[in-house]
Amino acid sequence: EASGSEFTFEERDVMLYNLGVGAKKSELSLVFEGDENFQPLPTFGVIPPFNAEAPFSFDDIVPNFSPMMLLHGEQYLEIASYPIPTSGTLISSPKLLEVVDKGSAAVVKVGTTTTEKETGRKVFYNEQTVFLRGSGGFGGERKGADRGNSTRANKVPERSPDVVVEEKTTEEQAVIYRLSGDYNPLHVDPAFAAVGGFKAPILHGLCFMGIAGKAVYQKFGPYKNIKVRFAGTVIPGQTLITEMWKEGGNRVVFQTKVKETGKLCIGGAGVELVGEGKEK
Ligand code: HDC
């Protein structure tokens, strides 16, 4: 049995997560435990390790740490196999991978393996990158290591996208998403968001990754891994436009823009499909 933080979940948690990233009432396999194909969306894999106890404290690894200045920078997730369980107890063991000095900011990367408690079987692997504004300039390395898929830049092709999916987030997107485990006040409390430099609470990066990841899943099918960079912020209520390109090697490259501003909120993103991934 692995040591680490336990996460126990049931079907209710799966439905709450799916709703948090935009599942619709007509999508019964996402919102109804009685459906024969009931399942979490692949990006549910970011949830079990989310509150795992970190093997370090930010104050010990960077100068001037402030939770108000923390932004989610990148996320990489591997899904070991399908179907993803709809309940159970999982164990997550996080490791500090690197601390990079971007001058004004620090970039900290944590890798977490998640296994099934009973069998020890690997279920997910995550790499989470946080961008700590105001915590750089400590004389550290400027570049992180090359970690293959997890650090891949995923440049979008010149041609126009093969598939485009538009999805409006709701005003309540963040207040629902947070119930899946990320209670950061940045996403709900206007006063906290203001200290962080935002006019209004911003949407969780993992929420809009989930919305984009759902679009990719519904168009191309299951994937083994997904990588995104959070290139810009999203305010709940804004509309997301996800552009996807089918590439060789069973890959889909994608990016997501905020319709109202035209700005990129997800860049450098890609998935590696389980199968041929013919467009549905
Ligand atoms: O890209 C900017 C931005 O605002 N991105 C959006 C951030 C966001 O909205 N994230 C989601 C919401 S926050 C959230 O969900 C928090 C959550 O609740 C908790 C998560 C985890 C909790 C764990 C607790 C234990 C910004 C601000 C990130 C960067 O913009 P700039 O400052 O303009 O940076 P730029 O000049 O473009 O680049 C400087 C160097 O940094 C690298 N970089 C840029 N964006 C990055 C990034 N690295 C990682 N992630 C990103 N998103 C650049 O490559 C550049 O490095 P170099 O000079 O070496 O090329």
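Refer to the preceding data block for the structure.
Residues numbered from 1 in each chain as written. Predicted model: local features only at pLDDT ≥ 70, side-chain atom pairs only at ≥ 80, totals over all residues. Heavy atoms only, no water.

Q: Now, about the pattern of salt bridges: what can you tell me, with residues and values included?
A: Inspection of the entire model under this criterion finds 14 salt bridges. The salt bridge partner of R229 is E74, with a shortest N-O separation of 2.8 Å. One end of the pair, R229, is in strand β7 (residues 223-230); the other, E74, is in strand β2 (residues 70-79), and 155 residues separate them in sequence. Given the relative accessible area of 47%, R229 is considered partly exposed. Between E116 and R121 there is a salt bridge; the shortest N-O distance is 3.6 Å. (Salt bridge = Lys/Arg side-chain N within 4 Å of Asp/Glu carboxyl O. Helix = DSSP H or I, 4+ residues; strand = E, 2+ residues; numbered from the N terminus. Buried < 20%, exposed > 50% of the residue type's maximum accessible area, 1.4 Å probe, protein only.)

Q: Can you tell me about the site of the ligand, naming the residues and giving the values?
A: Around the ligand, the structure places 24 residues, and the nearest of them are K102, R142, D182, H187 and F230. In the environment of the ligand, a nitrogen atom lies 3.0 Å from a nitrogen or oxygen atom belonging to the backbone of H72. Between the ligand and R229, the relevant distance is 3.2 Å, taken from an oxygen atom to a side-chain nitrogen or oxygen of the residue. Protein chains bury 71% of the 1200 Å² of accessible surface belonging to the ligand in isolation. (Near = heavy atom within 4 Å. Polar contact = N/O pair within 3.5 Å; in protein donor to acceptor, adjacent residues only side chain to side chain. Areas by Shrake-Rupley, 256 points an atom, 1.4 Å probe, with all protein chains shown as cover.)

Q: Tell me about helix α6 (residues 205-220), and please be specific about residues and values.
A: Quick reminder: α-helices carry 3.6 residues per turn. Residues three or four places apart thus point the same way. For α6, with 16 residues, the first-to-last C-alpha span of 22 Å sits near the 22 Å given by 1.5 Å per residue. Where burial is concerned, most of α6 is hidden: 14 out of the 16 residues are buried. (Expected span 1.5 Å × (residues − 1).)

Keep in mind that these numbers describe shape and distance, not what the molecule does.
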